[in-house]
4 protein chains.
Amino acid sequence: MQTQVHLLTMAHPGDVSALDALINNGAIHAGQIVAVIGKTEGNGGVNDFTRGYFTQSLMQMLSGHLQSSPAELAARIPCILSGGTEGVLSPHYVVFCRLPEQAADDGPALATGLAFSAPTAVEQIGRASHARQIARAVRAAMDDAGLDDPAQVHFVQIKTPCITVARAEQARACGLEPVSGDPNKAMAYARAAGALGVALALGEIDEAALTDAALLSDMALYSERASVSSGVEISCNEVIVLGNSPHWSGPYRIAHRPMRDALDIGAVAATLADLGLAASPQLSPNALERIAGVFVKCEPQRNGRVRASRHTMLDDTDINAQRHIRGAVGGMVAGVIGDGRIFVSGGAEHQGPDGGGLIAVIASTARDA
Amino acid sequence: MQTQVHLLTMAHPGDVSALDALINNGAIHAGQIVAVIGKTEGNGGVNDFTRGYFTQSLMQMLSGHLQSSPAELAARIPCILSGGTEGVLSPHYVVFCRLPEQAADDGPALATGLAFSAPTAVEQIGRASHARQIARAVRAAMDDAGLDDPAQVHFVQIKTPCITVARAEQARACGLEPVSGDPNKAMAYARAAGALGVALALGEIDEAALTDAALLSDMALYSERASVSSGVEISCNEVIVLGNSPHWSGPYRIAHRPMRDALDIGAVAATLADLGLAASPQLSPNALERIAGVFVKCEPQRNGRVRASRHTMLDDTDINAQRHIRGAVGGMVAGVIGDGRIFVSGGAEHQGPDGGGLIAVIASTARDA
Amino acid sequence: MQTQVHLLTMAHPGDVSALDALINNGAIHAGQIVAVIGKTEGNGGVNDFTRGYFTQSLMQMLSGHLQSSPAELAARIPCILSGGTEGVLSPHYVVFCRLPEQAADDGPALATGLAFSAPTAVEQIGRASHARQIARAVRAAMDDAGLDDPAQVHFVQIKTPCITVARAEQARACGLEPVSGDPNKAMAYARAAGALGVALALGEIDEAALTDAALLSDMALYSERASVSSGVEISCNEVIVLGNSPHWSGPYRIAHRPMRDALDIGAVAATLADLGLAASPQLSPNALERIAGVFVKCEPQRNGRVRASRHTMLDDTDINAQRHIRGAVGGMVAGVIGDGRIFVSGGAEHQGPDGGGLIAVIASTARDA
Amino acid sequence: MQTQVHLLTMAHPGDVSALDALINNGAIHAGQIVAVIGKTEGNGGVNDFTRGYFTQSLMQMLSGHLQSSPAELAARIPCILSGGTEGVLSPHYVVFCRLPEQAADDGPALATGLAFSAPTAVEQIGRASHARQIARAVRAAMDDAGLDDPAQVHFVQIKTPCITVARAEQARACGLEPVSGDPNKAMAYARAAGALGVALALGEIDEAALTDAALLSDMALYSERASVSSGVEISCNEVIVLGNSPHWSGPYRIAHRPMRDALDIGAVAATLADLGLAASPQLSPNALERIAGVFVKCEPQRNGRVRASRHTMLDDTDINAQRHIRGAVGGMVAGVIGDGRIFVSGGAEHQGPDGGGLIAVIASTARDA
């Protein structure tokens, strides 16, 4: 088995022409596409419809190449998008293909595993039972990839459903209480459930520590490898597990590091170093060509400070705090990489150390001279 | 002569208690304060009143220490503020004091020169005559500092008046046409005039090149050392010139570099290197202690790209493009420095290469062991 | 001939289930749908993708009911959306069907005419030639409806293409100069061209008055019946003409009034009175049931005042002025009508008196007791 | 005793020149000013500093006319500002003066009472004990006005402190838990405490009903006469009680009505009718001259609907829901009044029926011919 990775750009959230072209010219076999992770240019909040628009466009296009309806494809190919390309960030998507044949390069190489859970009920979203549901799905995705050791896993991307005002009303009408009536708050709880679900599956936290009360509260509990997005457009949980496995081949490797805060530029450099890439202070054009995907989670520090200095993200009524932090951390990571096609997702509750986050990078091995 | 530099924090835009405390404990003589440059936490646009609020608070506080009214102080101490502390940026202000006595450290050391122009008429704002008025003020500020060679100048901070809808209406009622009726556009023209005024004074452009038509149009014309803010709260132009002069003494030095685009992390490292500071990839805590001020100008690239990748700053109806770029470049520079107290100002028209900007850093010399 | 009008709601911009249900239960024949006008919940600016998402969803759904591809349908059924449901405004769409048979009610009744122009080149958008192109399309739509007297026309809805940063760059690369490089400004020029095109077709302005220089400048030129939206998702101009014609039958009538400013609540009451509806101060539930569509254009007054009082819409860096005005005028009109499903579109340049706008209402005749 | 009311405009949040001019020309005796209620043009959120800027400017100006320092004046003249002049709303302030002498007009006439509470501890803000503290202050203000019957009270304006991220951190460092760590949420709790405090003082709710759990939860509890703002710039609670009293004289009367939802235009007309003013549909210029102050509270309905139709205010990540609702309800009320100088304040939790709010109008009696 091998994983092929394609980093593609879009002109707008309905534009999937880059992938369509690669399928048409034979570079990609549509049937081998197993997952998509991307950034669209919405606001990243509850009312960000660029994610649904891109997904609809993608599934419709793939439906033209395959024998399945858009709905069937959406139910088996996770398309996990984070909205918000603040600052220098650039809308893009990373397409993961799974090829049955052995590649020339020996492993350990990038392994890709997938799973979908059953739908999560509105009143369950953002609670411990939601996290356990996700943990089971993560283990299923690891099995799917043949990643038996959690240490081989470097990045787990989750997409969970969230709660709109309308969904919350419906639940209340049935006598069920959603975790929060505030849509942005409920979204945070949903991400927390996703993160602790990954942490549980990877053995980063104890089963006993995972209680309803721990979510968004006990910030000492976290995963160093979970990235969770939440959106109105889905009702079940989608899981993509990425790791390095000796059973896989091909040119791609993945590395990751936790980021201790929004200024942790050292974590970026260290992750690149793990892949044999030197940023001094930026990747060279040759090194940049090897980059196939950069994934970052980050979060405005809740005590109102970044190290010693006061930040104003949480007190800002005009710009959502997640938009602030994505722009700032995105600017820093893009500066080191030398490109704005970075997946930077806010809402890193329990994803990396509190007030920080994490970074994962996929790179191909060096081309021969 | 010597320049003393104090980097202070504020809890909100009306908070000048940090400076008040230093005056009260004798660390600063109020009468030696010659200029203030800072960042407040507004939106940085036409309707950002945090700048006026801070200035009112500052002048009122200083008035309690000196024999002058707030209005008299405001007319002789430039207080140049940029609004907008997006992302990890932290509200702060840098206080410049001029001491008559020689310091122990020999020069060349940081020299500070000041000038105020006469008020600029609304119909003149953002035109070539405005730029010429500013060039004269810059030369006056260089004289004030004894900086006779433009090569000794590393940073010129300008504050110019701008045009609100109300001011534009008044001008039109008098039969005068402002450069633009759109307040944000007029603000851009005002900054352009400031930048080209500096470029003219420093010999970076030819006198003949400076025409009304060149402003916001011939982007090949620029200063590598101009930083211009524009605000509703003033009617004349305020100029602060900073350079290194053999006639000055004290521990402070200044360095600067143009930034070719929003990803030019190399310019940050090079400026620090000029001051003997190594970021690998971030300044050490000891090195950080030497930093007395970091000043950055930046701008969303007008062709909609950062290097090869599309950015979305200029098409965004929700977040002003200047807020986007400040957050991104601020995140990158703060990552290298290791602190969010960075003066990052958007609106870098003609300030550094088009789509880029510039950086200047003031640092003290290394402390002895 | 008769026009049938359906006022439908959506749960999100990809939700066309209300129309799908009406088609499935036979209340609407899909083949008789000739136009859709609606409001989606984006920001209404250049980067509002809710319009494209809704259109894609609509055409895909209709394609399932008809023998045409989504692209073919989009090329013959104008779907004109305005983004932005600020305040009490509610996402909704009005579906116009044309039935060949005579209705029981005699005319004059609501007549519907349609036309599509050829694509407009980027460098032509927002210029006088663009307006002339639109005038020709309006006349074609009047012919289509059999509305031979301009006095019979009460409302003309136009959708024109606009200029993104990327499109502007492409044009410049070909040596062509777009009317403005600022996407929001270019959008305003495009709307101006649409409005003056309608005014020309309806005889509201002289052919000679229509020059490039007049657009966004000579605000004494305007149409009292034009409503223009502009969006990235189309390249040609779409026209829907609505009027009352003795040749048409059915229960629907349309009336309109110019609004002299954002406080012109009298225009709302007068339009309703033209249709035999009394608001005192609000429509009764019975009267509300007769409402089939309310269409409003409005604009922040450019002199910074509403009557004697200063407004702050144009100086606001946080909220786009069009979002401000839609929220305010939408609140007023919804208060009189008693429902938030009001099509309120900002950007009323040359659409109604300067700083004001216009209102059109479609209502069915009173039901018998 | 009599109350004089002056409705004044400002050019920006630091502009108190209109009042200064009236004091200088003798129309107002500075010593008789007892309260100020106004709207400034910030965002109305935690980081709205226009309120503090205006207050500082006002107190400094008054200090020049009186023998007291700005701090002393701020401690005895409540200056209660609401930020946010969305849409057609216009920045303005209403100055209340208390004159000892009898006016020619007999009462009942507008009576004004004042009170200041002690500071509220951060951990107390937004809880039942905060509400009880406010109830005591309301009773003190009623005593101050000689309003012994709660039925005589038509409007109670409260300003309460709120919780910033920094204040919350300090409290937690002392082992104290603030009601919420989210600044916007904490602000809502503070307003709830203010409203229920008024309701308790006016006998609108039972003492027993006022529990911590009731705040922001039991929305059946409310006052029809409470208007509460919350801001970072104060630490104690300020109370202004307005009513009609037979012991007072002068031309001013006040009336009020609850608003059942954001479309309740009938409540506006009814309040005007109580004062002998007919809006048909708008006040005539003569009637408008009698208006001395319009005060509105409103709130986005939490079930996501306004009557039958879905609204999008609570799901919007770009524009704060309070800004949405102020713009909409402000547009409606300004349309009926015919002027944008309306005090419209969001955050109407427990102030009027849930999802609605209230309106109070002060008007002078008709001038003789």
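My aim in this report is to walk through the structure given alongside it, one point at a time. (Residues numbered from 1 in each chain as written. Chains lettered and ligands numbered in written order. Predicted model: local features only at pLDDT ≥ 70, side-chain atom pairs only at ≥ 80, totals over all residues. Heavy atoms only, no water.)

## Quick look at the environment of tyrosine 53 of chain D
Reasoning step 1: Counting through the fold element by element, tyrosine 53 of chain D comes out in helix H2 (residues 50-65).
Reasoning step 2: By relative accessible area, which is 8% here, tyrosine 53 of chain D ends up buried.
Reasoning step 3: When sequence neighbours within four positions are dropped, the list of residues in contact with tyrosine 53 of chain D reads Phe49, Gly52, Tyr53 and Gln56 of chain B together with Pro13 and Gly14 of chain D. (Helix = DSSP H or I, 4+ residues; strand = E, 2+ residues; numbered from the N terminus. Buried < 20%, exposed > 50% of the residue type's maximum accessible area, 1.4 Å probe, protein only. Contact = heavy atoms within 4.5 Å.)

## A look at the pairing of strand E8 (residues 236-245) of chain A
All names here are of chain A.
Reasoning step 1: Taking burial as the measure, the 10 residues of E8 include 10 buried ones, the bulk of the element.
Reasoning step 2: With nine bridges connecting them, strand E5 (residues 109-119) and E8 associate as antiparallel partners. Paired with leucine 110 across the bridge in E8 is asparagine 244.
Reasoning step 3: Where strand E6 (residues 153-161) and E8 come together, six bridges link them in antiparallel fashion. Opposite lysine 159, over in E8, you have glutamate 238 as the bridge partner. (Pairing = 2+ DSSP bridges.)

## Quick look at the relation of the copies chain A and chain B
Reasoning step 1: Turning chain A through 180 degrees and shifting it by 0.0 Å along the axis lays it on chain B, with an RMSD of 0.0 Å. The operation mapping one copy onto its partner corresponds to a two-fold rotation axis. Taking C-alpha positions as the reference, the residue of chain A nearest the rotation axis is methionine 332 of chain A, at 1.8 Å.
Reasoning step 2: Interface residue correspondence from chain A to chain B reaches 100%, placing this contact among same-surface, isologous pairings. (Least-squares fit on C-alpha atoms with pLDDT ≥ 70 in both.)

## What about the sheet that holds strand E14 (residues 357-364) of chain D?
Residue and element names in this part refer to chain D.
Reasoning step 1: Taken together, the four strands give an open sheet; going across it, the order is E9-E14-E10-E13, and neighbouring strands pair in mixed fashion. Of all strands in the sheet, those bounded by a partner on one side alone are strand E9 (252-259) and strand E13 (343-345). Pairs of neighbouring strands in the sheet enclose a mean axial angle of 10 degrees, with direction left out of account.
Reasoning step 2: Examined bridge by bridge, E9 and E14 share eight bridges and lie antiparallel to one another. When the sheet's bridge partners are listed, tyrosine 252 is paired in E14 with serine 364.
Reasoning step 3: With respect to the sheet, helix H7 (residues 265-274) is in contact with E9, strand E10 (291-297) and E14, its orientation differing from that of E9 by roughly 155 degrees. (Axes fitted to C-alpha atoms, helices over the stretch in contact; angles between N-to-C directions.)

## Observations regarding the interface of chain D and chain B
Reasoning step 1: Opposite the 11 residues of chain D that make contact, chain B presents 11 residues.
Reasoning step 2: Buried area between chain D and chain B, summed over both chains or domains, comes out near 1100 Å², and the portion from carbon and sulfur atoms is 57%.
Reasoning step 3: If you sort the residues of chain D by the area they bury against chain B, Phe49, Tyr53 and Gln56 of chain D come out on top, with a joint share of 54%.
Reasoning step 4: If you look at where chain D meets chain B, you find zero salt bridges.
Reasoning step 5: Joining chain D to chain B, the criterion identifies three residue pairs in polar contact (both at pLDDT 80 or more). (Buried area = accessible area lost by both parts, 1.4 Å probe. Salt bridge = Lys/Arg side-chain N within 4 Å of Asp/Glu carboxyl O. Polar contact = N/O pair within 3.5 Å; in protein donor to acceptor, adjacent residues only side chain to side chain.)

By themselves, these are just geometric observations and shouldn't be taken as functional.
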